[in-house]
Amino acid sequence: MFWTGDLIARNAPVRRRAGPSEAPHIARGVAAYLGLAIGDALGATVEFLTPNEIRHQIGLHSEITGGGWLRLKAGKVTDDTTMSLALGESIIARGCVDALAAAEAFDAWMRAKPVDIGNTVRRNLIAFRTTGKPEAPASEHDAGNGAAMRVLPVALACYGQPENSVISANRAQAHVTHNSALSDAACETLILMVQDFLAGKDPVLVERERAQKLVSEFPVFAYDKRRRENPSGYVVDTMQAVFQSFFATETFEDCLIDVVNRGGDADTTGAIAGMLAGAYYGLDSIPKRWLKAIDENIATQCPAQARALLALPRHP
Ligand code: MN
Ligand code: MN
């Protein structure tokens, strides 16, 4: 749909393009959310395949075709996108990130029988049902990527806020299922990177100030050595694959194709890389064939939620 002016846009905000009146950070936030969904849908086809299996079965995987072990219809997304949307809704309803509201939103999401769910997410949401406590016990074993894959609503809701309040907002949602130092470090790095790109920062600076800072604090995240293929759900594998793809490519499309063809937890690396690439390269960089392929509901909800989160009152 083309941008046809305010009057029509007000009646039909669906799939509205960034108009001349939309601030750049809002357009980038919308692109980040669509990028998350596109990476999820693209990667789901090859989740748990090795790069070799992808080469033999598909060649270069570059189209949103559905299928995969979840037997998805083309354009359908998985938990990475739907947990983000559930979290975002809870943030909008409360006006801020709230641990109990997030836990209740995730619990309702789990009851609705999502197509996929991580083991750590399931275990700690079941514990929440018993204890009513929206914080999982700290565990270095809960260092999966399940909290990192759903950080985008926090980045948008807390855009422009001081770093310490961004960090505590994230921990409120992350610790519902993943109370681990490595998960926290990954989540916080991703959120601050998205916010940097919303503000128009240069990726060279962002790599130095965010990605390399993460590595200096937690050397296990070092991503400059061998190519990370077949990344598991361990948040360190995920971040290494995403950083390698994102910093070594120069377009949204190349970044996503590179990361999902590494196989492994490809819907999640795709979702996270898509979020960063959307935030940095912007809406116009997203291939139209991918935008068209995304499930209609998701293609409507993601931009609407991005705008609503960025419109929340800021709490300095
Ligand atoms: Mn998934
Ligand atoms: Mn996954």
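Quantities reported herein were computed from a predicted structural model and do not represent experimental measurements. (Residues numbered from 1 in each chain as written. Chains lettered and ligands numbered in written order. Predicted model: local features only at pLDDT ≥ 70, side-chain atom pairs only at ≥ 80, totals over all residues. Heavy atoms only, no water.)

Undergrad: How would you explain the coordination of the manganese ion (ligand 1) if you had to name every residue and give the values?
TA: Every protein donor of the manganese ion (ligand 1) is accounted for by Thr78 (OG1), Asp79 (OD), Asp80 (OD), Asp116 (OD) and Asp267 (OD), and the metal-donor separations fall at 2.0 to 2.4 Å. When the donors of the manganese ion (ligand 1) are listed by position in the chain, the intervening gaps give T-D-D-x35-D-x150-D. In this structure, the manganese ion (ligand 1) is positioned 3.6 Å from the manganese ion (ligand 2), and both are ligated by Asp267. Of this pair, Asp79 sits in helix α4 (residues 79–94) while Asp267 sits in helix α13 (residues 266–281); the two residues are 188 residues apart in sequence, bridging distant segments of the chain. A residue is classified by how much of its surface remains accessible, and Asp267, at 0% relative accessible area, is buried. (Donors = N, O, S within 2.8 Å, 3.2 Å for Na, K, Ca; no water. Helix = DSSP H or I, 4+ residues; strand = E, 2+ residues; numbered from the N terminus. Buried < 20%, exposed > 50% of the residue type's maximum accessible area, 1.4 Å probe, protein only.)

Undergrad: Give me the lowdown on the pattern of salt bridges, citing residues and values where you can.
TA: Considering all chains together, one arrives at 20 salt bridges under this definition. Salt-bridge contacts for Arg289 lead to Glu63; the nearest nitrogen and oxygen are separated by 2.7 Å. You can see Arg289 sitting in helix α14 (residues 288–293) and its partner Glu63 sitting in the loop between α3 (51–57) and α4, a full 226 residues away along the chain. Take Arg289: its relative accessible area is 32%, and that puts it in the partly exposed class. Look at Glu63 and you get partly exposed, because its relative accessible area is 35%. In this structure, Asp196 and Arg210 form a salt bridge, with 2.8 Å as the shortest nitrogen-oxygen distance. (Salt bridge = Lys/Arg side-chain N within 4 Å of Asp/Glu carboxyl O.)

Undergrad: Please give an account of unusual backbone geometry that cites residues and values.
TA: The bulk of non-glycine residues show a negative phi, and the bulk of peptide bonds are trans. Even without glycine at this site, Arg71 takes up a positive phi of about 50 degrees. Secondary-structure assignment places Arg71 in the loop between α3 and α4. We classify Arg71 as exposed; its relative accessible area is 74%.

Undergrad: Tell me about the confidence of the model for the protein chain, and name the residues and values.
TA: Confidence along the protein chain averages 94 in pLDDT terms, with 93% of residues attaining 70 or more. Low pLDDT, under 50, characterises residues 1–14; the stretch is placed with 10 contacts to residues that sit more than four places away or in other chains. (pLDDT = per-residue confidence, 0-100. Contact = heavy atoms within 4.5 Å.)

Undergrad: Which residues make up helix α5 (residues 99–111), and what are the values?
TA: Between its first and last C-alpha atoms α5 spans 18 Å; for 13 residues at 1.5 Å apiece the expected length is 18 Å, and the two agree. Looking at α5, one finds that the buried residues are Ala101, Ala102, Ala103, Ala105, Phe106, Asp107, Trp109 and Met110. On its buried side, α5 packs onto α4, α6 (119–131) and α8 (163–174). With a side-chain oxygen lying 3.2 Å from the backbone nitrogen of Leu100, the N-terminal cap of α5 falls on Asp98. Following α5 by one or two positions, Lys113 has its phi on the positive side, about 55 degrees. (Expected span 1.5 Å × (residues − 1). Polar contact = N/O pair within 3.5 Å; in protein donor to acceptor, adjacent residues only side chain to side chain.)

Undergrad: Quick rundown of the coordination of the manganese ion (ligand 2)? Include the residues and the values.
TA: Those protein atoms acting as donors to the manganese ion (ligand 2) are Glu47 (OE), Asp265 (OD), Asp267 (OD) and Thr268 (OG1), and they sit at 2.0 to 2.6 Å. The motif formed by the donor residues of the manganese ion (ligand 2), counted along the single chain, is E-x217-D-x1-D-T.

Undergrad: Describe the packing of aromatic side chains, naming the residues involved and giving the relevant values.
TA: Scanning the entire structure with this criterion turns up 12 aromatic pairs. Ring geometry for Phe197 against Phe246: centres 5.5 Å apart, planes inclined by 55 degrees, an arrangement best described as tilted. Here Phe197, found in helix α9 (residues 181–198), pairs with Phe246, found in helix α11 (residues 235–248); they are 49 residues apart in sequence, far enough to count as distant. The class of Phe246 is buried, set by a relative accessible area of 3%. Summarising the aromatic geometry, the rings of Phe246 and Phe247 are spaced 5.2 Å apart at their centres and angled 70 degrees between planes, so their arrangement reads as edge-to-face. Three or more aromatic residues link up through ring pairs in this structure, and these residues are Phe197, Tyr223, Phe243, Phe246, Phe247, Tyr280 and Tyr281. (Phe/Tyr/Trp six-rings, centres within 6.5 Å; stacked < 30°, edge-to-face > 60°.)

Undergrad: Give a detailed account of the layout of surface pockets, specifying residues and quantitative values.
TA: In this model, the second largest pocket occupies a volume close to 410 Å³. Residue lining of the second largest pocket: 22 residues in total, with Ile117, Gly118, Asn119, Asn145 and Asp265 positioned closest to the centre. Residue assignment for the lining of the second largest pocket shows that the elements contributing at least two residues are α4, α6 and α13. It is α6 that provides the largest number of residues to the lining of the second largest pocket, a total of four residues. (1 Å grid on protein atoms, 1.4 Å probe; cavity = no way out; pocket = protein on both sides within 12 Å on 5 of 7 lines; lining within 4 Å. Points joined across faces, edges and corners; volume = space filled by probe spheres on them.)

Undergrad: Lay out the nonpolar core in plain terms, naming residues and giving numbers.
TA: Ranked by size, the top nonpolar core spans 97 residues in total, and within it Tyr33, Leu152, Phe221, Val235, Leu256 and Met275 carry the most contacts. Each residue touching Met275, except ones within four places of it in the same chain, is listed here: Ala32, Gly35, Leu36, Val151, Leu152, Leu190 and Val194. (Core = buried A, V, L, I, M, F, W, Y, C linked by side-chain atoms within 4.5 Å.)

Undergrad: Tell me about the side chain of Asn261, residues and numbers included.
TA: Its place among the elements puts Asn261 in the loop between α12 (252–260) and α13. A residue is classified by how much of its surface remains accessible, and Asn261, at 12% relative accessible area, is buried. If we skip the residues at most four places from it in the chain, Asn261 touches Pro51, Ile54, Gly59, Leu60 and His61.

Undergrad: Got a sec to walk through the packing of α12 against α13? Specific residues and values, please.
TA: Angle between the axes and distance between the axes: these two values describe a pair of packed helices. Here α12 crosses α13 at 165 degrees, and the two axes come no closer than 9 Å. On the basis of their axis angle, the class for α12 and α13 is roughly antiparallel. For the pair α12 and α13, the crossing hand works out as right-handed. Every residue of α13 that contacts α12 at Phe252, Cys255, Leu256, Val259 and Val260 is listed here: Ala266, Thr269, Gly270, Ala273, Gly274, Ala277, Gly278 and Tyr281. In the contact of α12 with α13, the residues fall into nine nonpolar, four polar and no charged. (Axes fitted to C-alpha atoms, helices over the stretch in contact; angles between N-to-C directions. Parallel < 35°, antiparallel > 145°, perpendicular 65-115°, else oblique. Left-handed = near helix turned anticlockwise from the far one by under 90°. Nonpolar A, V, L, I, M, F, W, Y, C, P; charged D, E, K, R; others polar.)

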